Amino acid sequence: MRKSAMVAVMLVSMGLPAGKAVAAPGDYWVAGGDQTGRRLIAFDPAVADWNSPSAVKWTWQPSVTTGRFTADEVSAFGLIADFKLRERPSGERSVVVAAGGSRGIAAIVSYPGGVRQWARILPGNLHAAELLPDGNIAVAASTGGWVRVYASSQGPNAAAYAEFPLADAHAALWDPAIRRLWVIGQDPVTRQHILTALAVEGTPARPALREDTQRRRALETPGGHDVYAYAHDTGKLWVTTGSAAYLYDKATRIFTAAPAGANRGAVKSIGNQPSGQIVQTRADAAKTPPGSCTASTWCTDTVDFFSPSMTRKRTGAAFYKARVWSPYYSVVDRPLRGTVRDRVRAASGAWDAGTAEVDGNGGISGAAVAALPDGGLQVLTVVPGSGVWSRGRSPAGVWDEHAVRIDGNGDITDVAAAALPGGGLQVLTVVPGSGVWSRGRGASGAWDASAVKIDDNGLVSRVSAAALPDGSVHAQTVVPGAGVWNRTRDQAGTWAASSVRIDGEAAVAAISAAGLPDGTLHVQTVVPGSGVWNLRRAAAGTWDASAARIDANGSVSAVSAAGLPDGGLRVQTVVPGSGVWDRGRTASGVWEASATRIDANGSVLDVSAAGLREGSLHLLTLPDIAQ
């Protein structure tokens, strides 16, 4: 988590006494979309008079000069319907905005500069916009009856999109806890009012949308409107309809009335501050007596706050929505992290019914496991900001009480491990901008004093590794846009001077590898929207001309593999929202007809597997702690 970045945008109130109707220390600005002024305004909620210049902290409206929009695009920014401040993986921030009407516009602009990064004039009365982690934009159109994801990551005018039909679509919220896009509207066939979640698949250049039907829920009341993150619990959502406001529990699928007087009709937007204070807009026409905004039946010039209660009014404004001006999903956002658990497949082929915790550190972002010849295991975990840690399991099945840090580089993003026939271990790590590094552990258990760089390509995103019976090690690296590369370490311990490209697929997102007793090597790649592919290297050293698809599920996000002493191969895949699946290949080369689900935990982020000489297999899973 980036606490320094969070503090930089926090509004800190000046020691006002508790219990007063003021913004709490640590709360964010609140931004409103003024349809009359055709602009966004971020206010200091600690300033009681929003007509005062001291209350206004940031403003933006599209322009031809500074903003670099066309005049036609500027004219489409009329009915500003939605806007969100978002932080990109690079740390830079952008604002997504959607303006409705029969001729509206969706756009992404830099923050705070407000320079056009992508824009497109669109019909269909746009109601919501969201920035996805890959740089694409999601847009919901009510009269258009659709939710679309545009390939905005591909350029400022990119036009390609994926579409999901949804009548009266009103909301789009990316949920990093489950990696889904929440939307609200009506089933176009049954006209049922629903809240549901979409899986964003395919590639950034060619996105695809699929409903995660297990997350569909009929609304308690009709007229779904806003869906937003509940700041204190990633397991809950704010949801509003035409007549009510709710908190929705993702796990129990239960709607409960919004607290503190916030459960009202005609609520157009809702959210809450780190302090817990609720921020809400409600159409003035629905109030008793009616409010003073008469520009439309949906506008208000007032933002309402609850717990503690207060109001903030901007004379002459026509707000439709107001947003807590935070780039984060929850109070303290973090990249997805989890704990490490172990599931065993016996030599007989039976999987354990449950998992055992190996490492309870909830800050782990990745893990790798290797099986040693003596029957022991070594587990390597990545803790961002801290480095790589090692924990062993003895041949008798006893885990070390504590993990030991073997690499203090906090920038490491991925790890792989390969156990040698003689008892040694090679650990490969990825350092973005630097390349791939290798650190050895001897058969005695002593680690090398330092890591050695074996690949200086700073663009490498993922790494996998496998050892062969002859004592060689093969490391595979993913270079986005350039495919998969293999580098060999010979029996004497010398790494090859260069890597060889073994797969030209540019969109590989995850990788694993396993060596078999016959000297063959199998590398598995995940291609979003396409599935899982397997590439074989013969014992003689020749690679197959092309990979073979072994799983057509385009939703797979992670993969692991382990070779068994009988010559078989087991491959495990993660399907977000569904769980972990396992598929086998016999020693004769025949793949099982289908995969079997071995873990129904849909929050698993990553997997790693290793097979022991007695025939058992250990599968490490990394369930997200947000679940």
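The notes below deal with the structure included here.

Analysis parameters
Residues numbered from 1 in each chain as written. Predicted model: local features only at pLDDT ≥ 70, side-chain atom pairs only at ≥ 80, totals over all residues. Heavy atoms only, no water. Helix = DSSP H or I, 4+ residues; strand = E, 2+ residues; numbered from the N terminus. Buried < 20%, exposed > 50% of the residue type's maximum accessible area, 1.4 Å probe, protein only. Contact = heavy atoms within 4.5 Å. Areas by Shrake-Rupley, 256 points an atom, 1.4 Å probe, with all protein chains shown as cover. Lys, Arg positive; Asp, Glu negative; His and termini not counted. Charge placed at Lys NZ, Arg CZ, Asp CG, Glu CD. Pairing = 2+ DSSP bridges. Axes fitted to C-alpha atoms, helices over the stretch in contact; angles between N-to-C directions. Salt bridge = Lys/Arg side-chain N within 4 Å of Asp/Glu carboxyl O.

1. Observations concerning the overall build of the protein chain
On a plain count of helices and strands, the protein chain comes out with two helices and 49 strands. By the burial criterion, 59% of the 627 residues in the protein chain qualify as buried. By sequence separation, contacts in the protein chain at least 24 residues apart represent 45% of the contacts at least 6 residues apart. Here the protein chain has roughly 23,300 Å² of accessible surface; of this, 52% comes from carbon and sulfur atoms. Of the side chains in the protein chain, 58 bear a positive and 53 a negative charge, and the two mean positions are spaced by 5 Å.

2. Description of the sheet that holds strand β27 (residues 356-364)
Pairing is antiparallel in the open sheet, where four strands are placed in the order β27-β26-β49-β48. Where the open sheet ends on each side, the last strands, each with one partner, are β27 and β48 (604-611). Along the sheet, successive strands turn relative to each other by an average axial angle of 20°, direction set aside. Inspection of the sheet shows β48 paired to strand β49 (residues 617-623) by six bridges, in the antiparallel sense. Note on β49: the bridge partner recorded for Ala 609 is Leu 619.

3. A few points about the environment of Ala 595
Among the secondary structure elements, Ala 595 is positioned in the loop between β46 (579-585) and β47 (596-599). Judged by its relative accessible area of 19%, Ala 595 is buried. For the pair Ala 595 and Val 30, spaced 565 residues apart in the sequence, the C-alpha separation amounts to 48 Å. In this structure Ala 595 touches Asp 551, Trp 581, Asp 582 and Arg 583, once residues within four positions along its chain are discounted.

4. Points about the side chain of Arg 585
As for its placement among the helices and strands, Arg 585 is situated in strand β46. Although Arg 585 lies buried, it forms no salt bridge, and the closest oppositely charged side chain, Asp 518, sits 6.2 Å away as judged by the N-O distance. Discounting residues that sit within four places of it in the chain, Arg 585 has contacts with Leu 516, His 522, Arg 536, Gly 568, Leu 569, Val 590 and Trp 591.

5. Some remarks on the environment of Ser 530
Within the secondary structure, Ser 530 sits in the loop between β41 (521-527) and β42 (531-537). Ser 530 sits in the buried class, given a relative accessible area of 16%. Note: C-alpha distance between Ser 530 and Glu 201 (329 residues apart in sequence) is 9.3 Å. In this structure Ser 530 touches Arg 549, Asp 551, Ala 552 and Gly 554, once residues within four positions along its chain are discounted.

6. Observations concerning the sheet that holds strand β39 (residues 500-503)
Strands sit in the order β36-β37-β38-β39 across an open sheet of four strands; the sheet is antiparallel. At either margin of the open sheet sits one strand with a lone partner, and together these are β36 (462-467) and β39. Neighbouring strand axes in the sheet, compared pairwise and without regard to direction, differ in orientation by 30° on average.

7. Points about the pairing of strand β2 (residues 39-43)
Most of β2 sits inside the fold, with four of its five residues counted as buried. Hairpin geometry of strand β1 (residues 30-34) and β2 is characterised by an intervening segment of four residues between the two adjacent antiparallel strands and by a positive phi of about 55° at Arg 38. The pairing of β2 with strand β3 (residues 56-60) spans four bridges and is classified as antiparallel. Opposite Leu 40, over in β3, you have Trp 60 as the bridge partner.

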